[in-house]
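Chains, contacts and geometry: an overview
Chain by chain, the residues run as shown.
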Amino acid sequence: GIGWCEQAAYICVWNIRKLQTAVARQRCSLVLELPSYCTSVAFHPEEPSVLVAGLFNGELRAWDLSEGQRELGCSRISDSFHREPITQVRWVRDTHGAKWRVGTVAGDGKALFWDLRNKLKNPLAGMRLTAGKGGVTAGGRNIAFPEGVTARAVLGTEGGTLVQGLPRINDGKSDVKHDDFTWGSYAWNMVQNSDPAYKFELIRTVEKHARLQGTKVIKIKDVYHAGVDSNRLYGAVKGMTYQRHFGPVTVLEASPSHRNVFLSAGTDGWVRVFSMLFAPPLIQLQLSGPVLSGDWSPSRPLVFACCTSREAHVYDLGASVVAPALLIKAPSEEKALTTIAFKRSRDGAGSTLAVGDGQGQVALH
């Protein structure tokens, strides 16, 4: 099946250097057709032609736009992967800072970590978001990496929870001998970080599958092909929790300038700046309505922006921790604001602020 949504959708790619010509012609640079609605996109931080997108049906797709629309990979829809809309995709370095991974979170409560080198055939690691003592699955909304690597993540949920998670991707480790089998490092890492109550059962299940397949070497793909229960395969997130929002977390952004600092906001109208080391926020502000989007400036460490449907607020914490440095009003009710993001300029000296509205238009400031 393709999921809940079988309606085609599109990603439009614009070249800002040719923006005036594109607007005059009402034509973007490139259009990617999708089998389901697109819910999150992210360009590679160092390779600007590489794009990943999370879809409403749970698929993760990647393209190299320098070669037309060459697809680099596409994930499957299964119980071990995402079965509900992917709410956010992020590029993040591995723990050694050498390789780029893709982190995803979805409404099914899974946070998964992918590598383009295996064409997104299966994730390298995963975690489960849970709520309450009964371990009920909590829908995921956001993921951020305040340290810039996969060592630690902060995750936001539909219920407003903010929690720290440890992906534990076994980068650079050696293979492991167990009984008659040689486990690849990623495969062994996967079962070692599974639900502790079922770890040995999972090892037996995977080794039984390998024995039936006539192989003595167990790779990460063999773990998934063994048909293990994803609720047992992915360990629950049990890290430090932060002051929660009353309603879905809509913004979760790691500061690009300060280690351990992140920004959160929600439908409750609260905007908060946290340190990963403390549960209470360092700074908190309340806006007049649900916060829909937010971002840190990549060039000014104390500047961030967020928006409600009626206005966008740009704060400079060096000038004031209460009053916004800039206020941008929505042009009209029909053009309610929906998203806001910074983009570093080509020379790295400044940045551009983009504000999108419900009519599909984007204004640059």
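Everything in this summary refers to the structure shown in the same document. Since this is a predicted model, take the numbers as computed values, not measurements.

Thoughts on the nonpolar core
The nonpolar side chains of soluble globular proteins are, as a tendency, buried together. Judged by nonpolar contacts, the single largest core of 51 residues is most densely connected at Ile 143, Leu 155, Trp 183 and Leu 233. Per-element accounting of this core gives the leading share, five residues, to helix α2 (residues 185–192). Of all hydrophobic cores here, the second largest spans 14 residues; its members include Leu 263, Leu 285, Val 291 and Tyr 315.

Remarks on α2
Counted residue by residue, α2 has seven buried out of eight residues, so it is predominantly covered. Where α2 is concerned, the buried positions are Ser 185, Tyr 186, Ala 187, Trp 188, Asn 189, Met 190 and Val 191.

Quick word on the sheet that holds strand β7 (residues 86–93)
Strand order in the open sheet formed by four strands is β7-β8-β9-β10, and the pairing between neighbours is antiparallel. Looking along the sheet, the strands with just one partner apiece sit at the ends: β7 and β10 (125–128). Here the strands of the sheet are splayed against their neighbours by 15° on average, with no regard to which way each runs.

Some thoughts on the packing of aromatic side chains
Inspection of every chain in the model, using the stated rule, returns 10 aromatic pairs. Ring geometry for Trp 183 and Trp 188: centres 5.2 Å apart, planes at 75°, overall edge-to-face. When its relative accessible area of 16% is taken as the criterion, Trp 188 is described as buried. Here a set of aromatic residues connected by ring pairs shows up, and it is made of Phe 81, Trp 114 and Tyr 224. For Lys 216, the ring lying beneath its charged end belongs to Phe 181, and the centroid distance is 5.3 Å.

Focus on the side chain of Asp 115
Assignment of secondary structure puts Asp 115 in the loop between β9 (110–114) and β10. Here the side chain of Asp 115 touches Arg 117 through a polar contact of 2.8 Å, side chain to side chain. Contact partners of Asp 115, with chain neighbours within four places excluded, come to Arg 101, Leu 120 and Leu 124.

Examining the pairing of strand β3 (residues 38–43)
Pairing of β3 with strand β4 (residues 50–55), which is carried by five bridges, proceeds in the antiparallel orientation. Within the sheet, the bridge partner assigned to Phe 43 lies in β4 and is Leu 51.

With respect to a nonpolar patch on the surface
Side chains of Ile 16, Val 362 and Leu 364 sit close together on the surface and give an oily, nonpolar patch of about 290 Å² of accessible area. By the secondary structure assignment, Leu 364 is in strand β30 (residues 362–364). Under the relative-accessibility criterion, Leu 364 is labelled partly exposed at 39%.

Focus on the sheet that holds β4
Spatially, the four strands line up as an open sheet ordered β3-β4-β5-β6, and their pairing is antiparallel. The open sheet has two edge strands, β3 and β6 (70–74), and neither has a second partner. Taking the axes of each pair of neighbouring strands and ignoring which way they run, one obtains an average angle of 20° across the sheet. As paired elements, strand β5 (residues 60–64) and β6 share four bridges and run antiparallel to each other. Residue pairing in the sheet places Asp 64 in a bridge with Arg 70 of β6.

What counts, and at which threshold
For every chain, the first residue of its written sequence is number 1, and the numbers climb from 1 along that sequence. Local features in a predicted model are, by the rule used here, given only for residues with pLDDT of at least 70; side-chain atom pairs are given and counted only at 80 or more, and totals for whole chains, interfaces and linings are based on all residues. Side-chain calculation: all heavy atoms of the structure are included, whereas hydrogens and water are not. Remark: nonpolar core denotes a set of buried residues (Ala, Val, Leu, Ile, Met, Phe, Trp, Tyr, Cys) joined through side-chain atoms within 4.5 Å. Burial status follows relative accessibility: with a 1.4 Å probe on protein chains alone, a residue under 20% of its type maximum counts as buried, one over 50% as exposed, and anything between as partly exposed. Put simply, DSSP marks the helices as runs of H or I at least four residues long and the strands as runs of E at least two long, and each gets a number from the N terminus on. Only strands joined by at least two bridges in the DSSP assignment are considered to pair. An axis is simply a line fitted to the C-alpha atoms; with a helix, the fit covers only the stretch in contact. Between two such axes, the angle follows the N-to-C directions and lies from 0 to 180 degrees. In this scheme Phe, Tyr and Trp rings, the latter by its six-membered ring, pair at centre separations within 6.5 Å, and the angle between planes marks the pair as stacked below 30 degrees, edge-to-face above 60, and tilted otherwise. We call a charge positioned over a ring when the NZ of a Lys or the CZ of an Arg lies within 6 Å of the ring centre and within 35 degrees of the ring normal. The term polar contact refers here to a pair of N or O atoms within 3.5 Å; inside protein, the definition further demands a hydrogen-donor-capable atom paired with an acceptor-capable atom, and it admits residues adjacent in sequence only when both atoms are side-chain atoms. Contacts: residue pairs with any heavy atoms within 4.5 Å of one another. Patches were defined on residues exceeding 30% relative accessible area and lacking a salt bridge, with like-charge contacts within 9 Å and nonpolar side-chain contacts (Val, Leu, Ile, Met, Phe, Trp, Tyr) within 5 Å. In these tables, accessible area is a Shrake-Rupley quantity obtained with a 1.4 Å probe, and a residue counts as shielded only by the protein chains included in the view. Any carboxyl oxygen of Asp or Glu that lies within 4 Å of a side-chain nitrogen of Lys or Arg is treated as forming a salt bridge with it.

Keep in mind these values describe shape, not function.
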